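Structure at a glance
Here is what each chain is made of, one letter per residue.
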Amino acid sequence: MSEKIPAGVAAVKVLENWGVKNIYGIPGGSINSLMDALLSEKDRIHYVQVRHEEVGAMAASMHAKMTGHIGVCFGSAGPGGTHLMNGLYDAREDKVPVLALIGQSATASMNMDTFQEMNEDPIYADVAVYHRVAMTADQLPHLIDEGIRRAYRNHGVSVIQLPVDLGWKEIDSADWFDASKDYQQPVLADPSDAEIDKALEILVNAERPIIFAGIGLRGAGDELVKLSKALKAPIMVSALAVDIIDGEYEGFMGSFGRVARKPANEAIAHADTVLMLGTNQPFIEVAHMYSGVKHIIQVDVDPAMLGKRQRTELAILADGKKVVSALNKKLAPQPESAWWRANVKNIANWNAYVKHLEESTEAPLTYYQAYNAVNHAATKDAIFSIDVGDVTMISARHLRLGKGQMWRTSGLFASMGIGLPGSITAKLDFPDRQVWSLSGDGGFSMVMQDLVTQAKEKLGIINVVFSNDSFGFIKDEQEGTNKGFYGIELQGIDFAKIAEAMGAKGYTATKQSELEGIFAKAVEDVKKGVPVVIDVKISNESPLPTMTMELDPDKFSSEQIAAFKKRYHAEGLVPFSQYLKEEGLENTGTKLVDGGF
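Quantities reported herein were computed from a predicted structural model and do not represent experimental measurements.

**Concerning the sheet that holds strand β7 (residues 157-163)**
Strand order in the open sheet formed by six strands is β3-β2-β4-β5-β7-β6, with parallel pairing between adjacent strands. Because the sheet does not close on itself, it has two edges, and the strands there are β3 (46-49) and β6 (128-133). Direction aside, neighbouring strands of the sheet carry axes that sit 20° apart on average. Pairing analysis gives two bridges linking strand β2 (residues 22-25) to strand β4 (residues 71-75), with the strands arranged parallel. In the sheet register, G25 faces β4, and the bridge partner there is F74. Helix-sheet contacts for helix α2 (residues 32-40) involve β2, β3, β4 and β5 (98-104), and the interaxial angle to β4 is about 135°.

**Observations concerning the packing of aromatic side chains**
As enumerated under the stated definition, the model contains 14 aromatic pairs in all. Seen from their ring centres, Y367 and F466 are 5.0 Å apart, and the 40° between their planes marks the pair as tilted. With Y367 in helix α13 (residues 367-377) and F466 in strand β18 (residues 461-467), this pair connects stretches of sequence that are 99 residues apart. Between F384 and W436 the ring centres are 6.1 Å apart and the planes differ by 25°, which places this aromatic pair in the stacked class. On the criterion of sequence distance, the pair formed by F384 in strand β15 (residues 383-386) and W436 in strand β17 (residues 435-440) is long-range, its members being 52 residues apart. Residue classification places W436 among the buried residues on the basis of a relative accessible area of 0%. The rings of W18, Y152 and Y183 are connected pair by pair, giving a single aromatic cluster. Above the ring of F473, the side-chain terminus of R258 is found at 3.6 Å from the ring centroid. Here the guanidinium or amino end of R433 rests over the ring plane of F430, the centre of that ring lying 5.3 Å away.

**Concerning unusual backbone geometry**
The residue after A363, namely P364, is reached through a cis peptide bond having omega 0°. Along the chain, the position of P364 falls in the loop between α12 (338-359) and α13. Its identity is not glycine, yet H155 carries a phi of approximately 55°, on the positive side. By the secondary structure assignment, H155 is in the loop between α7 (139-154) and β7. Assessed through its relative accessible area of 44%, H155 is described here as partly exposed. Residues other than glycine seldom take positive phi values, yet H569 does so here, at roughly 55°. Inspection of the secondary structure puts H569 in the loop between α21 (558-567) and α22 (576-582). Take H569: its relative accessible area is 31%, and that puts it in the partly exposed class.

Calculation criteria
- Sequence order as written defines residue numbering, which begins from 1 separately in each chain.
- In view of the model being predicted, local features appear only for residues whose pLDDT reaches at least 70, and side-chain atom pairs are presented and counted only at 80 or more, with totals across whole chains, interfaces and linings using the full set of residues.
- Hydrogens and waters are ignored; side-chain quantities use all the structure's heavy atoms.
- Strands qualify as paired when DSSP identifies two bridges or more between them.
- Each helix corresponds to a stretch of at least 4 residues labelled H or I by DSSP, and each strand to a stretch of at least 2 residues labelled E; elements are numbered beginning at the N terminus.
- For helices, the fitted axis covers only the stretch in contact; all axes are lines through C-alpha atoms, and the angles between them, taken along N-to-C directions, range from 0 to 180 degrees.
- Contacts: residue pairs with any heavy atoms within 4.5 Å of one another.
- Stacked, tilted and edge-to-face are the three classes assigned to paired rings of Phe, Tyr and Trp, where Trp is represented by its six-membered ring and a pair needs centres within 6.5 Å; plane angles under 30 degrees give stacked, over 60 edge-to-face, the rest tilted.
- Only protein chains enter the accessibility calculation, which uses a 1.4 Å probe. A residue is then buried if its area is under 20% of the maximum for its type, exposed if over 50%, and partly exposed in between.
- Geometrically, a charge over a ring is one whose NZ (Lys) or CZ (Arg) sits within 6 Å of the ring centre while staying within 35 degrees of the ring normal.

Right, dumping it as structure tokens:
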């Protein structure tokens, strides 16, 4: 007589074989056979009880972004599953592998319009690259395995619906298997010598070259810097890729767009050649990013991305890391150019401005002073889970990220509330590293119920909440588009008290002189496995708008420039045009249009 195993247990064992360590969700009647299976396997897979399914799905998505490994979450039939949607769409838009297990009524109740029973297939059809309903108990482990393989292959979300009765039915132990040991990631061929030679020809003859790198170049920071130094081309990155280059590099301009640093926006407006590596920057078209660029070389692993957003002179279907390595092998060091010197000066001027903001001791308390405290308290291998809004912009500008540190957020989907969920998975995945959650008060209040998850799991996470009683990012948008401010004011919250009520440690900072002591205490608290919330009560001033700067005397009156500098504490900021003139270069800059976030 053959040995038997509950189908739900077999399905969970498939997850284990694929290396899944943590699964996020909330139990419910329609998912209880999965809960039984997780109970049976609790020594081999860890169930993380979240307080909202959205947090579970966001944690699963951020797990995939931080590790490259599939994230797994679940929800019961109806509302439990639909609560997952925000996190699932985040995974879809950032193209990371996530598996969502959705409860369903027992097979005898399906299609009978009973309690919480509905046709769930169309609900998940848009978000998923693969979505199926299990019809028999024997299908459960097969569908889990297939869903994982499809999520990896198609860089997206797989959804498997589990009629609750099937998980309890027994199947033959010998009849199920999975492909976890057989799966291999495809390896792209090296770029051809002809492609590298053509790229070198374009780059060496460029007068104003820029290297533009995205998340496809993670792990290649040293090679990128080597190429930049040899080519004498500064490096610009997408906002999601600000952690791939050591922030201290003299040729590092940061990111482009609204979530940007001044040097990147100014340089791209004057560049004639761009080497675009592993990025799908969504604002290239709407912001007319390349309106003055003559030569574009694009490198991507996805053929659908080549030429997607701009006319391209040379498209290379290859791993950007391999292309950079091949260029470095063939490229002779180029002489220092006026273009290079102008950009290095501009970067140094921006860095001095940032330092001035961060080290100011003036009241009221600002974002920048708080980030100075974060930078001083952060370890060399710190992980930052960043929420969406002004905090994204300020993080891209003021986090001094070094080699070994990591930052992740919600990219193309840009969903508020991602910071706290991401910190949960970060601490579970990397228990020996320092983990930060950085959020505005708007985003944090959407998910703050799961502070109790951090406390229950004994996760030593530093949650910094920047409280200005406002949706600051939207306030700045309304200033430029609306008749007045409306709907952006927030009722203030004492987040330190909320933290204490949930089993975390809470601190409140209201002035710059308090920051060092509070952050020092927080660093010690988290070493004991206690989560901390630091509620930083900041001013509601707007960050410098790098898309619409009023600094250039050739374009703005002295009165306009003086008012702009006063508002943004930018008395020391110099327009890029001045450095171009100092180096004998023509001011040929095109006007950038603010394409949004």
